[in-house]
Amino acid sequence: MKEDSTKSVRWSALIYIVVVSALGGLLFGFDSGVISGCDKGIQNEYGLTDFQHGFTISVALIGTLLGAFGVGRPSDILGRRKTLLIMAVMYFVSAVGCAFPPNWEMLVIMRFLGGVAIGGSSVVVPLYIVEIAPGPVRGRLVAMNQFNIVLGILVSYISNYFVAQAIDHHTIVWQWCESLAGLFATGMGAEEIKWRLMFGVEAFPAFAFFLLLFTIPESPRWLMRFGRREEARRVLEMIGDTNPDETLDSIAESLASASHGENVPLFQKKYLWPIFLAWSVAMFNQLSGINAINYYAPRIFETFEMGQSAALASTVGLGTVNLLFTILAFFFIDKFGRRVLLMFGALGTCFMHVLAAWQSSLGANANPWIAIPAILGFIAFFAVSQGAVIWVFIAEIFPNTVRAKGQALGSFTHWFMCTIISWLFPVIAGLSPTSLSYAFGFFACMTLLQFFFAWKLMPETKGGTIETLEKQIMQEQ
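Residues numbered from 1 in each chain as written. Predicted model: local features only at pLDDT ≥ 70, side-chain atom pairs only at ≥ 80, totals over all residues. Heavy atoms only, no water.

Scanning the protein from N- to C-terminus turns up 22 helices and 0 strands. Looking at the protein residue by residue over its 477 residues, the buried ones come to 59%. A fraction of 83% describes how many contacts in the protein between residues 6 or more apart in sequence connect residues 24 or more apart. As displayed, the protein has an accessible area near 18300 Å², and 68% of this comes from carbon and sulfur atoms. (Helix = DSSP H or I, 4+ residues; strand = E, 2+ residues; numbered from the N terminus. Buried < 20%, exposed > 50% of the residue type's maximum accessible area, 1.4 Å probe, protein only. Contact = heavy atoms within 4.5 Å. Areas by Shrake-Rupley, 256 points an atom, 1.4 Å probe, with all protein chains shown as cover.)

This is the structure we're talking about:
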């Protein structure tokens, strides 16, 4: 495949493949965002202590650690597509299980299962797209996964809002749910029906994802790893590669140490540089505070004198900003590159956190017309930079032989930090009426540190094939 041209690419086939695989990202986003509308209902329904409540929210993140850490080797053995099929089943079971748990303990188990699916898909989806995408548009195509993640978050916010409105205003949806509750003699009230329905909506896109996965091919680089050259050739021809033999020879050279699925350890001296880069980018991504805001957005907005209904509606605005600026990143990531976007975003998010910290420190005297735009501004800068960069960059910097393991390491780091931040954030925010400023101040410091990391240490990875990038990264050690 020519590095300087995409004229031969069969865009209809390629876009279809990427869109279907990136539905895993949409479910990732939906599952991450839906809890923001359910957390209070769950706490009230089961009479949870603050610790139990925090655990219920964070148990999905614990699941992501297992999913991210454990999916690398299975995706090498089973293939990228089959692994995604397993993730789709997990999403579906989790959605149904969270909607109809017989008790709190089962809800926790189903939340954990959903987290495993999130962690696994956060590794395999970008991995699959990187392995099938032409070099000049690789960033944009992998960014489609991030677009779907953000779209999923927005869809969950909108879904939560309309479910709440439907139940609160006793619409036909409420009447239908009340009839079902009566039929099964559950005696569920409006609040319980509300959070159960919010969870249950996810079952529909999960089922669609499962069915559509049967219509896309396996990764050509995974096929080559197991000596299935003719199948790999057909996939490359399907997406318009005019010189598949040259591409296959390049892949074969890269995979020389892992022919026929041989297991190659990640933790070797020669891979220390890409390991460090993946760990750093993933760590800073979460230390920016993105998921603290995603998970607790309604509560944050309520601290600035917004009512519960207005705060829930405001999350739709937050999700819309996230989506719009992710689309902007789609056009920038291959033009300006990963490093420039990350530097730009780090400075922007730092400034917005400083504004939010300042307003939070004022307590009841905070000005919502400064605080809310600061939070939305943070989301905008994050979406156009590190939100789009993280999954592209981590998937690009590892050699073919250990890419799945490297992606798993980066994703594990991401979710490990996310678990810590999301568990500690409500604790810090609840210390006093102004303690939210401490969290925003910490996030500001971390994003400033991220700017210096990108400026001094981060290599640029735009363009080229992933095989040429492999040589470039390994030579920089």
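Past the structure itself, the notes keep going.
Looking at soluble globular proteins, one finds that nonpolar side chains tend to be buried together. Ranked by size, the top nonpolar core spans 137 residues in total, and within it Phe199, Trp415 and Phe440 carry the most contacts. By residue number, the principal contributor to this core is helix 6 (residues 104-132), which donates 13 residues. (Core = buried A, V, L, I, M, F, W, Y, C linked by side-chain atoms within 4.5 Å.)

What follows is about the packing of helix 1 (residues 11-21) against helix 2 (residues 23-46). Contact pair helix 1 / helix 2: the axes reach a minimum separation of 4 Å and the direction vectors enclose 30°. Taken together, helix 1 and helix 2 sit at an angle that is classed as roughly parallel. When helix 1 is examined against helix 2, the residues Val19, Val20 and Ser21 are found in contact with a partner set consisting of Leu23, Gly24 and Gly25. Its residues assigned to classes, the contact of helix 1 with helix 2 comprises 3 nonpolar, 3 polar and no charged. (Axes fitted to C-alpha atoms, helices over the stretch in contact; angles between N-to-C directions. Parallel < 35°, antiparallel > 145°, perpendicular 65-115°, else oblique. Nonpolar A, V, L, I, M, F, W, Y, C, P; charged D, E, K, R; others polar.)

Let us look at a nonpolar patch on the surface. A grouping of Val89, Phe92, Val93, Val96, Phe100, Phe207 and Leu211 is seen on the molecular surface, where their side chains present a nonpolar patch of about 620 Å² in accessible area. Per-element tally for the nonpolar patch: the top contributor is helix 5 (residues 80-99), with 4 residues. Tracing the chain through its elements places Val93 in helix 5. For Val93, a relative accessible area of 37% gives the class partly exposed. (Patch = residues over 30% accessible without salt bridge, like charges linked within 9 Å, V, L, I, M, F, W, Y side chains within 5 Å. Salt bridge = Lys/Arg side-chain N within 4 Å of Asp/Glu carboxyl O.)

Here we take up the packing of aromatic side chains. Applying the stated rule across the entire model yields 19 aromatic pairs. Consider the rings of Phe210 and Phe214, whose centres lie 5.3 Å apart with planes at 85°: the pair is edge-to-face. Residue classification places Phe210 among the partly exposed positions, given a relative accessible area of 25%. On the numbers, 5.5 Å between centres and 55° between planes, the contact of Phe344 with Phe381 is tilted. Here Phe344, found in helix 17 (residues 338-360), pairs with Phe381, found in helix 18 (residues 368-384); they are 37 residues apart in sequence, far enough to count as distant. Counting every residue linked through ring pairs, the aromatic cluster contains Trp273, Phe276, Trp279, Phe284 and Phe453. Lying across the ring of Trp455, Lys456 places its NZ or CZ 4.2 Å from the centre. (Phe/Tyr/Trp six-rings, centres within 6.5 Å; stacked < 30°, edge-to-face > 60°. Lys NZ or Arg CZ within 6 Å of the ring centre and 35° of its normal.)

Along its 20 residues, helix 5 runs 29 Å from first to last C-alpha, staying within 8% of the 28 Å computed at 1.5 Å per residue. Turning to helix 5, its buried residues number three or more, namely Arg80, Thr83, Leu84, Leu85, Met87, Ala88, Tyr91, Ser94, Ala95, Gly97, Cys98 and Ala99. (Expected span 1.5 Å × (residues − 1).)

The next thing to look at is helix 21 (residues 436-456). Here helix 21 spans 31 Å end to end across 21 residues, near enough to the 30 Å set by a 1.5 Å rise per residue. Of the positions making up helix 21, those classed as buried are Leu436, Ser437, Ala439, Phe440, Phe443, Ala444, Met446, Thr447, Gln450, Phe451, Phe453 and Ala454. Against helix 14 (272-287), helix 15 (290-303), helix 17, helix 18, helix 19 (386-396) and helix 20 (403-429) lie the buried residues of helix 21.

Before going further, it helps to examine the environment of Leu436. With respect to the secondary-structure elements, Leu436 resides in helix 21. In this structure Leu436 comes out as buried when scored by relative accessible area, which is 8%. For Leu436 and Ser361, which are 75 residues apart along the polypeptide, the C-alpha to C-alpha distance reads 7.4 Å.

Under the defined criterion, the tally for this structure stands at 13 salt bridges. Put simply, Glu131 and Arg80 hold a salt bridge, and the shortest N to O gap is 2.9 Å. Note that Glu131 is positioned in helix 6 and Arg80 in helix 5, a separation of 51 residues in sequence. The exposure classification of Glu131 matches that of Arg80, with both residues buried. Linking Arg228 and Glu231 is a salt bridge whose minimum nitrogen-to-oxygen distance equals 2.9 Å. Relative accessible area serves as the criterion here: at 32%, Arg228 is assigned to the partly exposed category. Glu231 sits in the partly exposed class, given a relative accessible area of 27%. Among the ionic contacts, a cluster of salt bridges with common partners joins Asp76, Arg80, Glu131, Arg225, Arg403 and Lys405.

Looking now at the confidence of the model for the protein. Looking at the protein, the pLDDT average stands at 81 and 86% of residues meet or exceed 70. The secondary-structure element of the protein with the lowest mean pLDDT is helix 8 (residues 172-183), recorded at 54, while helix 10 (residues 203-212) shows the highest, at 94. pLDDT under 50 marks residues 1-5. Its contacts with residues more than four places away, or in other chains, come to 11 contacts. (pLDDT = per-residue confidence, 0-100.)

On the secondary structure map, Asn145 appears in helix 7 (residues 138-168). Note on Asn145: relative accessible area 1%, which makes it buried. If we skip the residues at most four places from it in the chain, Asn145 touches Ala22, Gly25, Val125, Pro126, Ile129 and Trp391.

Bringing the environment of Ser432 into the picture now. Within the secondary structure, Ser432 sits in the loop between helix 20 and helix 21. Measuring from C-alpha to C-alpha, the distance between Ser432 and Gly363 comes to 9.2 Å, with 69 residues separating the pair along the chain.

Right, let's get into the side chain of Ser219. Mapping Ser219 onto the fold places it in the loop between helix 10 and helix 11 (220-225). There is a polar contact of 3.3 Å between the side chain of Ser219 and the backbone nitrogen of Arg221. Residues within four places of Ser219 in sequence aside, it is in contact with Arg80, Tyr128 and Glu131. (Polar contact = N/O pair within 3.5 Å; in protein donor to acceptor, adjacent residues only side chain to side chain.)

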